[in-house]
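Each chain is listed here by its residues.
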Amino acid sequence: MSISPLSQQRWTAREICLVAVMSAVVFLATFVPKIPIPLGYAHLGDAAIFLIVFLAGRRQGVWAGCIGSAFADLLGGFPLWIGPTILIKFIMALSFAIFVEKVSEENVLKSSRIFIALVLATLIMTAGYTIFGAILYDSLEAGLSSAPGLLIKSAVNIAAFYVAIVLLKDRAVINR
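Computed from a predicted structure; not experimentally measured. (Residues numbered from 1 in each chain as written. Predicted model: local features only at pLDDT ≥ 70, side-chain atom pairs only at ≥ 80, totals over all residues. Heavy atoms only, no water.)

### Quick look at the packing of helix 3 (residues 58-75) against helix 4 (residues 82-100)
We apply this condition: Every axis corresponds to a line fitted to the C-alpha atoms, with the helix fit spanning only the stretch in contact, and the corresponding angles, defined between N-to-C directions, vary from 0 to 180 degrees. In DSSP terms, a helix is any run of H or I states spanning at least four residues, a strand is any run of E spanning at least two, and both are numbered starting from the N terminus. Working rule for angles: under 35 degrees goes down as roughly parallel, over 145 as roughly antiparallel, 65 to 115 as roughly perpendicular, anything else as oblique. Handedness of a crossing follows from how the near helix is turned relative to the far one, being left-handed for an anticlockwise turn of less than a right angle and right-handed for a clockwise one. Should any heavy atoms of two residues lie within 4.5 Å, those residues are counted as being in contact. Under the scheme applied here, ten amino acids are nonpolar (Ala, Val, Leu, Ile, Met, Phe, Trp, Tyr, Cys and Pro), four are charged (Asp, Glu, Lys and Arg), and all others, including Gly, are polar.
Where helix 3 meets helix 4, the axes come as close as 9 Å, and the angle between the chain directions of the two elements is 155°. On the basis of their axis angle, the class for helix 3 and helix 4 is roughly antiparallel. The hand of the helix 3/helix 4 crossing is right-handed. When helix 3 is examined against helix 4, the residues Arg58, Val62, Gly65, Cys66, Ser69, Ala70, Asp73 and Leu74 are found in contact with a partner set consisting of Ile82, Thr85, Ile86, Lys89, Phe90, Ala93, Leu94, Ala97 and Ile98. Counted by class, the contact of helix 3 with helix 4 contains 11 nonpolar, 3 polar and 3 charged residues.

### A closer look at the packing of aromatic side chains
This is how the line gets drawn: Two aromatic rings, drawn from Phe, Tyr or Trp (for Trp, its six-membered ring), form a pair once their centres lie within 6.5 Å of each other, and the interplanar angle then sorts them: stacked below 30 degrees, edge-to-face above 60, tilted otherwise.
This structure, assessed with the given rule, holds 9 aromatic pairs. Ring geometry for phenylalanine 27 against phenylalanine 31: centres 5.0 Å apart, planes inclined by 15°, an arrangement best described as stacked. Of this pair, phenylalanine 27 and phenylalanine 31 are both found in helix 1 (residues 13-31), 4 residues apart, which corresponds to roughly one turn of the helix. Relative to tyrosine 162, the ring of phenylalanine 161 has its centre 5.5 Å away and its plane inclined at 70°; by these criteria the two rings are edge-to-face.

### Description of the side chain of glutamine 60
Applicable threshold: A simple rule labels every residue: compare its accessible area, found with a 1.4 Å probe on the protein chains alone, to the largest value its type can have, and call it buried under 20%, exposed over 50%, or partly exposed in between.
With respect to the helices and strands, the residue glutamine 60 is situated in helix 3. Glutamine 60 sits in the buried class, given a relative accessible area of 12%.

None of this, on its own, says anything about what the molecule does.
Written as structure tokens, this is what we have:
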């Protein structure tokens, strides 16, 4: 089993269109509900990424997460963060995907594996933005100042993921 989201070489027109639409969803969930925190803003984009990875699968979810988040940084006035965001969201989405690939849709609300994957992925995201904040602003204090806001944002995104799963449970088809 390959862990690369790029393991399949050819994309179908359907997959490309789905990634484009899912990227737009991630962009909107990231760009619209902006709440300022040190070095950036809180949003619901991570919940959208987790939902897309769970419903559409690793390959489409990782790409949609990276593209949608990068566009949010570009259009939101944070072009300096595009590179770090792509790397962080890639690792975040991939780590979540690896953990949840074997979880069935019936067990999503009861699965400790999903919860652990969400916590791990959001901790990766928090650590990534904290490290890159320290590097980009040449100050460990600047990087660490964003951590509390990122952790709160992570908890909100985990809760939003579960709310979305409950709302979509009977309407969404898992296509992984």
